[in-house]
Amino acid sequence: MLRFAAFEWRLLRADATLRLFGIVLTLLAGYALFNGTRWVGFQRETIATVQEEEQARLAEHQATIDRLAAGDSTGIKPWTNPAIPSVAGGTQATRYAVLPPAPLAAFAVGQSDLYPYYARVSTRTKQTFIVNDEIENPVNLMAGRFDVAFVVIYVLPLLILALSYNIVSAEREQGTLDLVLSQPVDARRVIGAKLLARIGVVLGVTLALLLVGTLAGGASLATPGALSRLALWAAIVSLYALFWFGVALAVNAAGKSSATNAVILLGAWLAVVVIIPSLYNVAVTTARPSPSRVELTTALRAATNEATEQGSVLLQKYYLDHPEMMAGGAPDMDNFAARSVAVQEAVESSMAPALADFDQRLVAQQALADRFRFVSPALVLQAALFDLSGTSVHRYRYFQGEVDRFHAAWRAWFFPRIFAKSTLSAADFRALPAFEFVEEPASVVVVRVMPAVVGLLLPTLLLAALASGGLRRLRR
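A few points on the structure. Owing to the predicted nature of the structure, the values given are computational and were not obtained by experimental measurement. (Residues numbered from 1 in each chain as written. Predicted model: local features only at pLDDT ≥ 70, side-chain atom pairs only at ≥ 80, totals over all residues. Heavy atoms only, no water.)

### Focus: the overall build of the chain
Counting its regular elements, the chain contains 17 helices and two strands. Taken over 476 residues, the chain has a buried fraction of 44%. Taking contacts inside the chain between residues at least 6 apart in sequence as the whole, the part at least 24 apart equals 84%. With the model as given, the accessible surface of the chain reaches about 23,700 Å², and the carbon-plus-sulfur share is 63%. (Helix = DSSP H or I, 4+ residues; strand = E, 2+ residues; numbered from the N terminus. Buried < 20%, exposed > 50% of the residue type's maximum accessible area, 1.4 Å probe, protein only. Contact = heavy atoms within 4.5 Å. Areas by Shrake-Rupley, 256 points an atom, 1.4 Å probe, with all protein chains shown as cover.)

Here it is as structure tokens:
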């Protein structure tokens, strides 16, 4: 078979289709990588900007605290005094929680243009800081960005089908198939060699572009888990390519003409890549509609207004629930900052069921989408590539969980000082809690992606079996 494949390779080299394949795939992949790299660069610049702002702001307030310690309070107002815990924790000394782009983020934009990747954490409720202020055209968000994942999902199958739609029919139409089968050879061996040559070309070019893109995109393979993610990226893309080779071979084995094969394969591409994913999205959003953010915002505003009106009552209740916050063993009902804390706690308590329902409905929608993504190999591949690139919804939900934990730690550091009406010293200011993102273990990502491997491998093997049966029926 290898000798047949080598001969077929010489024929392919003389065919202009192969050169066109290489040029088109290289140009599209290059432009897609440029788009992805530019988006990742924008994210990194934004993160650098907010971190520089944080450092400059903290340095300025550190200098202010040093002046206060020296007895100089010129120009310092109570609402701008960083030595007051409620002011520092609520506005002046707030810190950013950031989600850095993953090593392979330039390959797939995924959900990274929809979910926030930084948050300015304060002592206030999470809803006041979890969404950043960036503005994007909703039409662009709906259409998505042209990235490497898009090229692999949509364009690569077309190029594979262009190389393979007539792998058997052309031999029959040219009269060479009968000549080959007149020899004591198995038709499956001959056609398999032709297919092997094409698979080698496509996978060789694709994986080479992937490796070059990794280096050109500035991916840090020294990052823990980066190599395993890259290897899985390559493996899953290879399986997707083999699936489309299987489709082409199965259609060719039916014995139709080249023109008929082309029409059938184009219809298969439309069904797998366009029609089924569109119907899938409609079905998921209909069965599990997204919760209304407008209703959540309205409920939050109403809860805030109601809690504000009952500030003193809520503060008294807070002291009863948290007696450790009473300085000297008696509640301080004149502590305005403590009253604000009590109001925020009451708002969060009253909104907890609505927020839990909101999150549960989003989780249910995502679970349904994950469960039925196997209706199309394109959906299976897309979900896997997003996950491996670190731009899936799973990574952003993990980041939000990390933000929640930091928010709780930030409040736990400030609330006792707010109730004690203490003043922050220079040492206290330097000891403020800082956010450090710990990446999700690579093993967790691998476990999530492995069903995608099975979801691509099984239909590929089924197509190979169908094609083998059809080729066996070829007559001399």
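### Quick word on unusual backbone geometry
One non-glycine residue, Lys-421, lies in positive phi territory at about 55 degrees. Turning to its location among the elements, Lys-421 is positioned in the loop between helix 15 (393-419) and helix 16 (426-430).

### Re the pattern of salt bridges
Evaluation of the coordinates by the stated rule reveals ten salt bridges. Ionic pairing is found between Glu-440 and Arg-448, a salt bridge with its closest N-O pair at 2.9 Å. By relative accessible area, which is 10% here, Glu-440 ends up buried. Its relative accessible area of 23% is what places Arg-448 among the partly exposed residues. One salt-bridge network, held together by shared partners, links Glu-345, Glu-348 and Arg-411. (Salt bridge = Lys/Arg side-chain N within 4 Å of Asp/Glu carboxyl O.)

### Describing the environment of Ala-262
Locating Ala-262 in the fold gives a position in helix 10 (residues 258-287). For the pair Ala-262 and Tyr-165, spaced 97 residues apart in sequence, the C-alpha to C-alpha distance is 5.8 Å.

### Focus on the nonpolar core
Among the nonpolar cores identified, the biggest contains 68 residues, and Trp-233, Tyr-240 and Trp-244 are the most heavily contacted of them. When residues of this core are traced back to their parent elements, those giving at least two are helix 2 (16-69), helix 5 (148-164), helix 8 (187-216), helix 9 (226-252), helix 10, helix 14 (377-389) and helix 17 (442-472). If one sorts the elements of this core by residue count, helix 9 sits on top with 16 residues. Not counting chain neighbours up to four residues away, the residues in contact with Tyr-240 comprise Val-152, Ile-153, Pro-157, Val-273, Pro-377, Ala-378, Leu-381 and Leu-456. One finds Tyr-117, Leu-296, Tyr-396 and Phe-419 within the second-largest nonpolar core, a separate group that totals 45 residues. (Core = buried A, V, L, I, M, F, W, Y, C linked by side-chain atoms within 4.5 Å.)

### What about a nonpolar patch on the surface?
A contiguous nonpolar patch, built from Leu-158, Leu-266, Leu-270, Val-274, Ile-275 and Leu-279 and spanning about 490 Å² of accessible area, is present on the exposed surface. The biggest single contributor to the nonpolar patch is helix 10, with five residues. Turning to its location among the elements, Leu-266 is positioned in helix 10. (Patch = residues over 30% accessible without salt bridge, like charges linked within 9 Å, V, L, I, M, F, W, Y side chains within 5 Å.)

### Some remarks on helix 13 (residues 336-371)
Quick reminder: α-helices carry 3.6 residues per turn. Residues three or four places apart thus point the same way. The end-to-end C-alpha distance of helix 13 is 50 Å, a good match for the 52 Å that 36 residues give at a rise of 1.5 Å each. Along helix 13, the largest kink reaches about 50 degrees and is centred on Ala-352; proline Pro-353 follows within four residues of it. Taken residue by residue, helix 13 has Ala-337, Ala-338, Val-341, Ala-342, Val-343, Gln-344, Val-347, Met-351, Phe-358, Gln-365, Leu-368 and Ala-369 as its buried positions. (Expected span 1.5 Å × (residues − 1). Bend = angle between axes of the 7 residues up to and from the residue.)

### Structural notes on the packing of aromatic side chains
Within the structure shown, the criterion is met by 17 aromatic pairs. Summarising the aromatic geometry, the rings of Trp-39 and Phe-42 are spaced 5.4 Å apart at their centres and angled 25 degrees between planes, so their arrangement reads as stacked. Note that Trp-39 and Phe-42 are positioned in helix 2 at a spacing of three residues, about one turn of the helix. With centroids separated by 5.9 Å and ring planes inclined at 75 degrees, the aromatic side chains of Tyr-398 and Phe-437 adopt a geometry described as edge-to-face. Highlighted residues: Tyr-398 in helix 15 and Phe-437 in the loop between helix 16 and helix 17, separated in sequence by 39 residues. Relative accessible area serves as the criterion here: at 22%, Tyr-398 is assigned to the partly exposed category. Through a chain of ring-to-ring contacts, the aromatic side chains of Tyr-398, Phe-399, Phe-406, Trp-410, Trp-413, Phe-414, Phe-435 and Phe-437 assemble into a single cluster. Sitting over the ring of Trp-413, Arg-417 keeps its end group 3.8 Å from the ring centre. (Phe/Tyr/Trp six-rings, centres within 6.5 Å; stacked < 30°, edge-to-face > 60°. Lys NZ or Arg CZ within 6 Å of the ring centre and 35° of its normal.)

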